[in-house]
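Take a look at the letters that make up each chain.
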Amino acid sequence: MSGATDYRWVNALGRWPGARFEGVRADGERLVLGPGTATPETIACVDLDPAGGPLGLVVLGDGTIVVADPGHGRVLRVDGCDHVVCVLGCLDVATGDPAALRVPRGLWLLDRERLLVVGDEPNRSAHHRRPRAMVVLADTGEYLAPWTDPPPAEDPALRAARLRVGGLAAVRVPDGVLVAGGAGQVPGPGVVSVPDDGSPVRVLAGGDFAGIAVDRCGRVFVAGPAGISRLGARRTGTRGVAVLPAPIEPPGVEHWDRVRILLAEPAPPGTHVRAWTMLAPKGVTPDPPDPASADADDAPVPTPAGRWRAGPLDGLDVRVLAGPTARDTRLWIAIELLGDGRGTPRVDDVRVEHVGRGLLDALPAAYTGDDDGSGTLGRLLGLLACAHEASVRELEDLPASLDPGSAPDRPDDPWLDRLARWVDAAPSRSADPATRRADIAGAYAAHGRRGTPAGLVEAVARETGVAVRLSEPLLGAGVWRLGSGGLGRDTATHVADPGPPVLDATAVLDGAHLIPAQDRGLPLYAAFAHRVCVHVPPEHADALAEIARVVERERPAHVFARVRAARHGAIPGQVGIDTYVAGPPPDWAAGAGPALGTGIRLPGSAAAHVGGPVETRLDTTLPTPGGRGSTTRPSPRG
C-alpha cells in the first residue's frame, strides 16, 4: 500500500489561509477561475468631450441613459429603446438660460424623476469658477430648483479604488469595484476591476473611457469620447494561479511527500488543472510559477529547493520530487486552473500527505539499504503501489461515503445513489440536495411508519409535494341503537354475532355466520373497516393520478383507499334527503297529490335548501312522535 501515516487538509483550517490569488478567486470555500474580459458594445455614437475630467453617467429605471458632456457644456439623454440622442433643453448654454451650467460634470439620480446636475457656475473666469448644482427633471431637463446643499460625497470605498489605479469614475459590482479611466490609468486604459478579496487588479475591457454606471439589472455602461457602450457578459478567465502554503508538518513528520487535489465536481470540458510544488525558505511567499524557468513534470529529480516543479496536466495526485529538506524550509503548492472562457474547474480542497518510504518499510533492512524511497527500489515499489491506490483511497473514504450527509453525489462517484438503493429510499420531488440527503438519512425510520396513516401522508408529501388529509370511517362508526346516530349512514345493525360463534351455544348449523377468532367484531363494522379516504386540496386536483399511484403502492394490502379532491364550501347533508335545490317540496296529504317519494315529503320541520338556512349536522333521522321534527296532529275519530 501507499504507507501514508499522516495528512492535513489545506482549506480545512479556513478559507485558504495565507493564499495568494492571481486570476483565481475563492467562490465560498472553492477555488474557481476569476472573471475574464468583456467586450464593449456600442449603444450610441456621439461626440463627448471629458475636458480633462470624468463624464457623469446615470441610467434611469426604464433604461434611459443621461450623460454629462462638460467639454460642450451640455447634458445628453439617450433613449432606452431606440437609443435616440437628444439634448436636455435648459442645460444647453446656447439657449442663454441663466440657470445653465458652463461645465456640467457630475450627475446624481435623486429619485425616478429628479436629477441633480453639478458643474461650474456660469459667467465666471476660469480662475474663479466654483461648483454649482441644480435639480432638473430627468426626462426633459426642465429646471426645478437650485441645490443649496453640498454635492453628494463620493463613497470612500469607490474613491479609494479609483485613486489606487488613477481612474476617473468608479461603481460597485458584486465582487469588487470597476474603475474607468484613460491613458493615465494603471494597469492600462479602459475598465479596471479592483476585487474585494485583495487579488491583483486587471483590465476588464480596454478603451478610452471617462464615465461608468450600473443599471438596476447589473449591466455596466461606460462613456468616452467616442460615445456610450455597454459591456457584454464577462467571460470566465482562461488562466489563474493560487499559491498556497502547506500546513506546518506535525512532530515526527520531516516533510510532506505527496499532494492530492480534490475537485468539487468533474472538470467541465475545455478546462484543466495542474499542480506545482516547491520547497521555499520559511517566511518567504514565492511568486507564481513561470513555465519558462520552472522544471517540467518529466525533468530530472530531485528539483532543487526554491524552484517550482510542474505536475502532469490534469494530474490530481503528485509526489513532491524536491531535494533534501531542511528545518527552515516549507512546502508551497500552486494550483493552476486553465479554461477556454466557458467554464472553470472547482477545487474543493488540497490534501498533503507524509508517505515516508512507503512499501520499503515492509521489507527487511537488508533489501532496502540506504534507499529513502527516492532510489530505484523505492520508486519501483511506488509504481506497484499505484495499482492499489484506488482501493486504498476507497477504504480511507469509506466512513464518509456511508454517511448520507457527506457521501459523494457525482456522476463519476455516485455513492449517494447507492445509499438510496440500499435503504430503498423513495425518490424525492424536491431538487434540493439537502432535502434529498435528509430523505435518505430518514428512510429507515420512514419504513417503520409505512402502512400507517402518518406514513402514507409523509410518502405523498415526499414524492408529490402535496399535503393531503386522511380520514377513516371506522373511527366515527358505532352500533346503532334507537335514538342515537343515523341508521344507514354512520351506524349499522349487526348482521351476526360479533364474536366467533360456538355451535349449540351462539351458532346455528347452516344459519350462522362463522368467522375466525382474528376477525372478532368484523360483522359489526364490516362496512367501515379497512377503508381510508385521502383528501387532496382543490388546488392540487391535477395531481390526483400521481397521488393515487403513491397511495396504491403504500397502502396495506387489506386496506381499500379512495383518493378524492376536496371541495371548497361543501354543504353538509345529502341532496334529496335533508337538502333541496330551490326550496322544499309541498307537504303530502293522504289521497291527494302524487305518490309518496316523487317530489313530496312528510310533514315536519322545514328541510334545508341550497340558498336558504342550512343546519350543520352529521346525521339525519326520520321524524318520531314527540321527537325532533315531529308534528302533533289530532288522532282521527271513528
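See the structure printed just above.
Quick caveat, the model's predicted, so the values are computed rather than measured.

Explain the overall build of the protein chain to me, please; I cannot follow it from the model alone.
The helix and strand inventory of the protein chain stands at ten helices and 34 strands. Among the 638 residues that make up the protein chain, the fraction classed as buried is 37%. For the protein chain, the exposed area adds up to about 35400 Å²; of that, 55% sits on carbon and sulfur atoms.

Would you take a moment to explain the side chain of aspartate 69 for this structure?
With respect to the helices and strands, the residue aspartate 69 is situated in strand E7 (residues 65-69). Once residues within four sequence positions are removed from consideration, aspartate 69 is found in contact with Asp47, Leu48, Asp49, Leu55, Arg74 and Pro104.

Would you explain a nonpolar patch on the surface in this entry?
Residues Leu395, Leu398, Leu402, Trp422 and Val423 make up a contiguous nonpolar surface patch of about 490 Å² in total accessible area. Turning to its location among the elements, valine 423 is positioned in the loop between helix H5 (415-422) and helix H6 (433-441). The exposure class assigned to valine 423 is partly exposed, which follows from its relative accessible area of 31%.

What exactly am I supposed to notice about the sheet that holds strand E32 (residues 560-565) here?
Across a sheet, strands are paired by hydrogen bonds formed along the backbone, either parallel or antiparallel in direction. Across the sheet, three strands lie side by side as E28-E31-E32; this open sheet has mixed pairing. The open sheet has two free edges, formed respectively by strand E28 (469-471) and E32, since each of these has just one partner strand. Neighbour-to-neighbour, the strand axes of this sheet turn through a mean angle of 25 degrees, independent of strand direction. Pairing geometry for strand E31 (residues 531-536) and E32, over six bridges, is parallel. If you follow valine 534 over to E32, its bridge partner there is valine 563.

Please explain the environment of glycine 52 as it appears in this structure.
Inspection of the secondary structure assignment puts glycine 52 in the loop between strand E5 (40-45) and strand E6 (57-59). Classification of glycine 52 by relative accessible area gives exposed; the value is 81%. As for glycine 52 and glycine 71, which are separated by 19 residues in sequence, their C-alpha atoms are 8.6 Å apart.

Help me understand the sheet that holds strand E15 (residues 176-181), please; the structure alone is not making it clear to me.
Ordered in space as E14-E15-E16-E17, the four strands form an open sheet in which the pairing is antiparallel. On the outer flanks of this sheet lie strand E14 (169-173) and strand E17 (202-206), each paired with one strand and no other. Going across the sheet, the axis of each strand differs from the next one's by a mean of 25 degrees, ignoring polarity. Relative to strand E16 (residues 190-195), E15 runs antiparallel, the two sharing six bridges. Across the sheet, the residue bridging to leucine 178 is serine 193, located in E16. Contacting E14, E15 and E16, helix H1 (residues 156-165) runs over the sheet at an angle of about 125 degrees to E14.

What is the right way to read the packing of H5 against H6 from this model?
In a pair of packed helices, the angle between the axes and the distance between the axes together describe the arrangement. Direction vectors running N to C along H5 and H6 enclose 35 degrees, while the axes themselves pass 9 Å from each other. When the axes of H5 and H6 are compared, the crossing they make is left-handed. Where H5 abuts H6, its residues Leu416, Asp417, Leu419 and Ala420 lie against Arg436, Arg437 and Ile440. Class assignment for the residues of the contact of H5 with H6 results in four nonpolar, no polar and three charged.

Help me understand the pattern of salt bridges in this model?
Opposite charge on two side chains allows them to pair when their charged atoms are near. Summed over all chains, the structure comprises 26 salt bridges. The closest approach of N and O atoms between arginine 258 and aspartate 317, which form a salt bridge, is 2.6 Å. Taken together, the residues arginine 258 in strand E22 (residues 258-263) and aspartate 317 in strand E25 (residues 317-319) connect sequence positions 59 residues apart. The class of aspartate 317 is partly exposed, set by a relative accessible area of 30%.

Sorry if this is basic, but what is going on with unusual backbone geometry here?
Negative phi is the rule for most residues except glycine; trans is the rule for most peptide bonds. Residue proline 187 is bonded to the preceding valine 186 through a cis peptide linkage, with omega at 10 degrees. With respect to the helices and strands, the residue proline 187 is situated in the loop between E15 and E16. A cis amide bond links valine 301 with the next residue in sequence, proline 302, at an omega value of 0 degrees. Structurally, proline 302 can be placed in the loop between strand E23 (272-281) and strand E24 (309-310). The residue histidine 83 is not glycine, and still its phi comes out positive at about 60 degrees.

Would you mind showing me how to read the pairing of E22 here?
Put simply, side chains in a regular strand alternate between the two faces of the sheet. Counting buried positions along E22 yields five of six residues, so the element is predominantly enclosed. With three bridges connecting them, E22 and E25 associate as antiparallel partners. Note that in E25 the partner of arginine 258 across the bridge is arginine 319. Taken together, the six bridges between E22 and strand E27 (residues 347-354) define a ladder with antiparallel strand orientation. Looking across to E27, one finds that leucine 262 is bridged to aspartate 349.

What's the story with the nonpolar core in this structure? I'm lost.
Note that soluble globular proteins tend to have their nonpolar side chains buried in a common cluster. Judged by nonpolar contacts, the single largest core of 25 residues is most densely connected at Trp16, Val259, Leu331, Ile333, Ile335, Val347 and Val350. Put simply, the parts of the chain that give this core at least two residues each are strand E4 (30-33), strand E21 (239-245), E22, E23, strand E26 (329-338) and E27. Take this core: its biggest share by element is four residues, from E26. Sequence-distant contacts of tryptophan 16, that is, excluding residues within four places in its chain, are made with Val10, Asn11, Phe21, Ala26, Glu29, Arg30, Leu31, Leu244, Val347, Asp348, Asp349 and Val350. By size, the runner-up hydrophobic cluster in this structure holds 16 residues, among which are Leu48, Leu55, Leu57 and Val59.

Explain the packing of aromatic side chains to me, please; I cannot follow it from the model alone.
For any pair of aromatic rings, geometry is given as the distance between the ring centres together with the angle between the planes. Summed over the entire model, instances satisfying the criterion amount to two aromatic pairs. Relative to tryptophan 9, the ring of tyrosine 7 lies with its centre 6.3 Å away and its plane at 85 degrees, an arrangement referred to as edge-to-face. With 5.9 Å between their ring centres and 85 degrees between their planes, tryptophan 415 and tryptophan 422 make a pair best called edge-to-face. Under the relative-accessibility criterion, tryptophan 422 is labelled exposed at 56%. Here the guanidinium or amino end of arginine 418 rests over the ring plane of tryptophan 415, the centre of that ring lying 4.8 Å away.

What counts and how
- Residues numbered from 1 in each chain as written.
- Predicted model: local features only at pLDDT ≥ 70, side-chain atom pairs only at ≥ 80, totals over all residues.
- Heavy atoms only, no water.
- Helix = DSSP H or I, 4+ residues; strand = E, 2+ residues; numbered from the N terminus.
- Buried < 20%, exposed > 50% of the residue type's maximum accessible area, 1.4 Å probe, protein only.
- Areas by Shrake-Rupley, 256 points an atom, 1.4 Å probe, with all protein chains shown as cover.
- Contact = heavy atoms within 4.5 Å.
- Patch = residues over 30% accessible without salt bridge, like charges linked within 9 Å, V, L, I, M, F, W, Y side chains within 5 Å.
- Salt bridge = Lys/Arg side-chain N within 4 Å of Asp/Glu carboxyl O.
- Pairing = 2+ DSSP bridges.
- Axes fitted to C-alpha atoms, helices over the stretch in contact; angles between N-to-C directions.
- Left-handed = near helix turned anticlockwise from the far one by under 90°.
- Nonpolar A, V, L, I, M, F, W, Y, C, P; charged D, E, K, R; others polar.
- Core = buried A, V, L, I, M, F, W, Y, C linked by side-chain atoms within 4.5 Å.
- Phe/Tyr/Trp six-rings, centres within 6.5 Å; stacked < 30°, edge-to-face > 60°.
- Lys NZ or Arg CZ within 6 Å of the ring centre and 35° of its normal.

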